[in-house]
Amino acid sequence: MSLSQAIFTQDKCIIRTKGGICQTTKELLASELFAEIVTRFIEHLRKQDSVLMAVFNGEKANKEMIDCLVNTLRMLGEVSANQVVTMSPEARIFIKNPDLLNDFVEGLYNYWRSFDRFLVCHSEAKKGENLEARPHRVFNETMEQLSHMVRAAYRDIQENITGRHCRIYRQVRAGSQVGLIAVKKKWPCPSGQYAMLRSIPMIRQILLNPPLIINPPMNKRTGQFQRVETNPLGGWSVDVEKWLCYPARVGPLLIHIFFNQIFMELGCSLANLFELAEDEDLEKKPDAIYTYGVPGEALYRYGSLPTVFFDDTENDILVGAVPGKTEFGYFGYLKKMTLTLHNIVMMKREKMPYHGAMVHILLKNGSKATVLLIGDTAAGKSETLEAFRVLSNEYIRDMIIIADDMGSLEIVSNGRLLGYGTETGAFVRLDDLQPGYAFGQIDRAIIMSPQKINARAVLPITTLANVLRGYPIDFLLYANNYEEVDEDHPIVERFRSSDDAILIFREGKAMAKGTTTSTGIVHTYFANIFGPSQYRDLHDHLVSKYFQAAFDSGIFIGQIRTRLGISGWEIKGPEEAAKALFNLISSQ
């Protein structure tokens, strides 16, 4: 691989290749990328007024001196410091203080690893070397080889400076953390404004090296997604070299998610949330398109917070768009817009979308039930599912996750409601997980902003088969996170009529938990600002139809008080809610 094909944007390094990578540490150190990293590190030290700048021994760190340092490090990758001085006397200035030079190399290694690092392999079938057709070689060998080369170069240089062999080896991922195969694919792309998307490479394989810890610019989402009357693809153009497409299976739908490289870490995190579409899926026209990271000011014609979507009835496709600004660098914008598009498509197909978590539970006493918890963000839906997991050894024979955040309902011929999901993963708050759970799953997790409020993890939790199977609903519950429990307000309360149920669900009352910029008690139409509030007439029609069908078929409809929004009950509340639900299921 030509390591000169690297792009630095913010705190990311994106390496692109059409073939193999360096075969030796000598090739690695001879690359333009190595020289660039050293130069960037020196500039970083200069801004910090670091003591490591003393490696230049009082000389000005100009291009000539930096080149000399780079050449010195390259030679130290092969021979000892004494030999380097003999071969290149001008290197004496750096080797004069070996301890300082060794500290410089340690700092350089850490500086490189401070970047979020991505390796993008572009397949070229024309040359008979289709990388996509041999993913094990591309992903395993190429990424492992790069990590090995970086570690080996670092160790060789330090050993040649100090004259001592390393005795403690830390096999960190020193190469890339994420590997992608991205190829240009023919797909049924509408004409006109859509044509610029046609040549953007589509991700066909992904290799993650979890736990992946990233620090996006933002840790909260603001506002709602606005329906607009013009196509947001107008007024700007695509630089194909800066974009990738993640074709996602979102429930039964195909949504092409195009993301700008400035949000590379967030775009790649989709792998832990949505199933990557198969090749045969790409032969179909997508149900929706989402462009995340639109450059410039093109979208600001829609207002100061232009997170927008357009219902293109002429081409029978939905289009979402979010600007490429720092304030939109949060995974919630990527996930929730995608689910908004899903929800709108499903409503048009006479399916009722929900904002909730669904699970099929099989108890050890032989009872079983499918439970759908509906509620706003941080109402305790996912947290109650985590409580189910913790209780599994005592009560549960098996538990199948169908949906963690959103899905849809369908009325079948016998009048029963079937529930479907959308995601194969979960985007969960670390603060609200059961103690130890996140650490038990850390080897698969993508962890975001662990040092901030609303720290999150993206975890794979189910399969696409479970998402799409369709489970008959037994319990339909509103997740109430704001009310205390007493004699008049039990943990689980059943509604007496469809009207009573619709009143509570429509009000969408919840205690905000800091996952968005909202605080205190909030009210959201059906706890779902992701489609239903923008298509309220259509949704109201579906609500009347589906709630009546639920009551007619004997589904238990009520509310469950998770108390997640009440201080001190963040863990115990969902746990007690889960136990109460177990008792109710067992008694049915």
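As shown above, the structure is provided for reference.
Q: Pulling in residues and values, what's your account of the overall build of the chain?
A: Secondary structure assignment for the chain yields 16 helices and 27 strands. The dimensions of the chain, computed from C-alpha atoms along their principal axes, are 90 × 55 × 45 Å. Expressed as a percentage of its 588 residues, the buried residues of the chain come to 59%. Excluding contacts between residues fewer than 6 apart, the proportion of contacts in the chain whose partners are at least 24 apart in sequence is 77%. In the form shown here, the chain has an accessible surface area of approximately 24100 Å², with 48% of it arising from carbon and sulfur atoms. Across the chain, the centroid of the 65 positively charged side chains sits 3 Å from that of the 68 negatively charged ones.

Q: Can you break down the side chain of Thr72 residue by residue, with the values?
A: Secondary-structure assignment places Thr72 in helix α3 (residues 63-76). Among the residues examined, Thr72 registers a relative accessible area of 1% and is labelled buried. Not counting chain neighbours up to four residues away, the residues in contact with Thr72 comprise Val84, Ala91, Phe94 and Ile95.

Q: An account of helix α6 (residues 98-113) is requested, with residue identities and associated values reported.
A: Because the α-helix completes a turn every 3.6 residues, residues three or four places apart line up on one side. Helix length check: α6, at 16 residues, gives a terminal C-alpha distance of 23 Å against a target of 22 Å (1.5 Å per residue), a fit within 8%. Leu100, Leu101, Asn102, Phe104, Val105, Gly107, Leu108, Tyr109, Tyr111 and Trp112 are the residues of α6 that are buried.

Q: Quick one: what's the story with the packing of aromatic side chains, residue by residue and with numbers?
A: As enumerated under the stated definition, the model contains 21 aromatic pairs in all. Pairing Phe328 with Tyr333 gives two aromatic rings, centres 5.3 Å apart and planes at 75°, and the pair type is edge-to-face. An identical accessibility class is assigned to Phe328 and Tyr333; each is buried. When the centroid spacing of 5.0 Å and the interplanar angle of 65° are considered together, the rings of Phe331 and Phe427 count as edge-to-face. Of the two residues, Phe331 is situated in helix α9 (residues 331-348) and Phe427 in strand β19 (residues 425-429); the sequence distance between them amounts to 96 residues. Overall, the relative accessible area of 0% leaves Phe331 in the buried class. Grouping aromatic residues by their ring pairs yields a cluster made of Tyr478, Phe495, Phe505, Tyr525, Phe526 and Phe547. In this structure, Arg536 packs its charged tip against the face of Tyr525, placed 4.1 Å from the ring centre. In this arrangement the basic side chain of Arg563 is found over the ring face of Trp569, its NZ or CZ atom lying 3.9 Å from the centre.

Q: Could you give an account of the packing of α3 against α6, with specific residues and numbers?
A: The contact between α3 and α6 brings their axes to 13 Å, and the two run at 90°. In terms of their interaxial angle, α3 and α6 are classed as roughly perpendicular. From α3, Leu69, Leu73 and Leu76 reach across to α6, where they touch Leu101, Phe104, Val105 and Leu108. Residue classes in the contact of α3 with α6 are distributed as 7 nonpolar, no polar and no charged.

Q: Account for the pairing of strand β8 (residues 243-250), naming residues and giving values.
A: Among the 8 residues in β8, 8 count as buried, and that is most of the element. Of the two faces of β8, the one lined by Trp243, Cys245, Pro247 and Arg249 and the one lined by Leu244, Tyr246, Ala248 and Val250 are each fully buried. Sheet topology places β8 next to strand β9 (residues 253-260); 8 bridges connect them, and they run antiparallel. Across the sheet, residue Cys245 finds its bridge partner in β9, namely Phe258. Where β8 and strand β10 (residues 275-276) come together, 2 bridges link them in antiparallel fashion. In the sheet register, Ala248 faces β10, and the bridge partner there is Leu276.

About the cut-offs
- Residues numbered from 1 in each chain as written.
- Predicted model: local features only at pLDDT ≥ 70, side-chain atom pairs only at ≥ 80, totals over all residues.
- Heavy atoms only, no water.
- Helix = DSSP H or I, 4+ residues; strand = E, 2+ residues; numbered from the N terminus.
- Buried < 20%, exposed > 50% of the residue type's maximum accessible area, 1.4 Å probe, protein only.
- Contact = heavy atoms within 4.5 Å.
- Areas by Shrake-Rupley, 256 points an atom, 1.4 Å probe, with all protein chains shown as cover.
- Lys, Arg positive; Asp, Glu negative; His and termini not counted.
- Charge placed at Lys NZ, Arg CZ, Asp CG, Glu CD.
- Expected span 1.5 Å × (residues − 1).
- Phe/Tyr/Trp six-rings, centres within 6.5 Å; stacked < 30°, edge-to-face > 60°.
- Lys NZ or Arg CZ within 6 Å of the ring centre and 35° of its normal.
- Axes fitted to C-alpha atoms, helices over the stretch in contact; angles between N-to-C directions.
- Parallel < 35°, antiparallel > 145°, perpendicular 65-115°, else oblique.
- Nonpolar A, V, L, I, M, F, W, Y, C, P; charged D, E, K, R; others polar.
- Pairing = 2+ DSSP bridges.

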